[in-house]
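Results of the structural survey
Chain by chain, the residues run as shown.
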Amino acid sequence: MKLSIQKWGNSAAVRLPSAMLAQLGVKIGDAFTVEVSARQAVLRAAKPRYTLDELLAQCDPNAPAPDLGGWDDAKPVGQEVW
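Residues numbered from 1 in each chain as written. Predicted model: local features only at pLDDT ≥ 70, side-chain atom pairs only at ≥ 80, totals over all residues. Heavy atoms only, no water.

As recorded by an unreviewed UniProt entry, the protein carries the name AbrB/MazE/SpoVT family DNA-binding domain-containing protein and is attributed to Dentiradicibacter hellwigii.

In structure tokens, the structure reads:
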């Protein structure tokens, strides 16, 4: 697909069609990283960074505790410090 560079205020921009955004699994406002070398630029969707509070908000406080399958009684097998 060929895209052109257009003026956007005092900057330059390349518009990504909505079909391409859907194919990449990104939306407006998402971040990208860019690598530039030898007259090419490679864009990659940046991995999201979550705070601990955001991750904990997704947890079900009523979920049953996992079965640790005997971890409490396991003997050291390497150089673990107990």
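There's plenty left to go through after this.
1. Section: the overall build of the protein
What counts, and what does not: Labels follow the DSSP assignment, with helices taken as runs of H or I lasting at least four residues and strands as runs of E lasting at least two, numbered in each case from the N terminus. As a reference, a globule follows 2.2 Å times the number of residues to the power 0.38, and the radius of gyration itself is taken over C-alpha atoms.
For the protein, the helix and strand inventory stands at 2 helices and 4 strands. Tracing the protein from N to C terminus, the helices and strands come up as β-β-α-β-β-α. In terms of overall dimensions, the protein is more spread out than a globule: its C-alpha atoms have a radius of gyration of 23 Å, far above the 12 Å expected for 82 residues. Projected onto its principal axes, the C-alpha positions of the protein cover 65 × 35 × 25 Å.

2. Overview of the layout of surface pockets
Short version of the rule: The way it works is a 1 Å grid over only the protein atoms, where trapped points that fit a 1.4 Å probe form a cavity and open points with protein on both sides within 12 Å along at least five of seven lines form a pocket, and then any residue with an atom within 4 Å of a point lines it. Grid points are joined across faces, edges and corners, and a volume is the space filled by probe spheres set on the points. Polar here means any residue outside two lists: the nonpolar Ala, Val, Leu, Ile, Met, Phe, Trp, Tyr, Cys and Pro, and the charged Asp, Glu, Lys and Arg; Gly therefore counts as polar.
Of the volumes computed, that of the largest pocket is approximately 460 Å³. In terms of lining, the largest pocket is formed by 16 residues, of which the most central are W8, A13, V14, R15 and L16. For the lining of the largest pocket, the elements supplying multiple residues, two or more each, are strand 1 (5-8), strand 2 (11-14) and strand 4 (40-45). Classifying every residue of the lining of the largest pocket by side-chain character gives 10 nonpolar, 2 polar and 4 charged.

3. Notes on the pairing of strand 3 (residues 32-37)
Moving residue by residue along a regular strand, the side chains alternate between the two faces of the sheet. The criterion, for reference: A strand pair is defined by DSSP finding two or more bridges across the two strands.
As defined by bridge partners, strand 3 adjoins strand 4 across 6 bridges and the pair is classed as antiparallel. Residue pairing for strand 4: E35 is matched across the bridge by V42.

4. A word on the pattern of salt bridges
Think of it this way: side chains of opposite charge can pair up when their charged atoms draw near. Stated precisely, the cut-off is as follows: Salt bridges, as used here, are contacts in which a Lys or Arg side-chain nitrogen is within 4 Å of a carboxyl oxygen on Asp or Glu. Think of it in three bands: residues with accessible area under 20% of the maximum for their type are buried, residues over 50% are exposed, and the middle band is partly exposed, with areas taken using a 1.4 Å probe on protein chains only.
Overall, the coordinates contain 2 salt bridges when judged by the stated rule. Between K27 and D30 there is a salt bridge, with its nearest N and O atoms 3.2 Å apart. Under the relative-accessibility criterion, D30 is labelled partly exposed at 32%. For R44, the salt bridge identified is with E35, shortest N-O distance 2.9 Å. Exposure remark for R44: the relative accessible area of 43% places this residue in the partly exposed category. A residue is classified by how much of its surface remains accessible, and E35, at 47% relative accessible area, is partly exposed.

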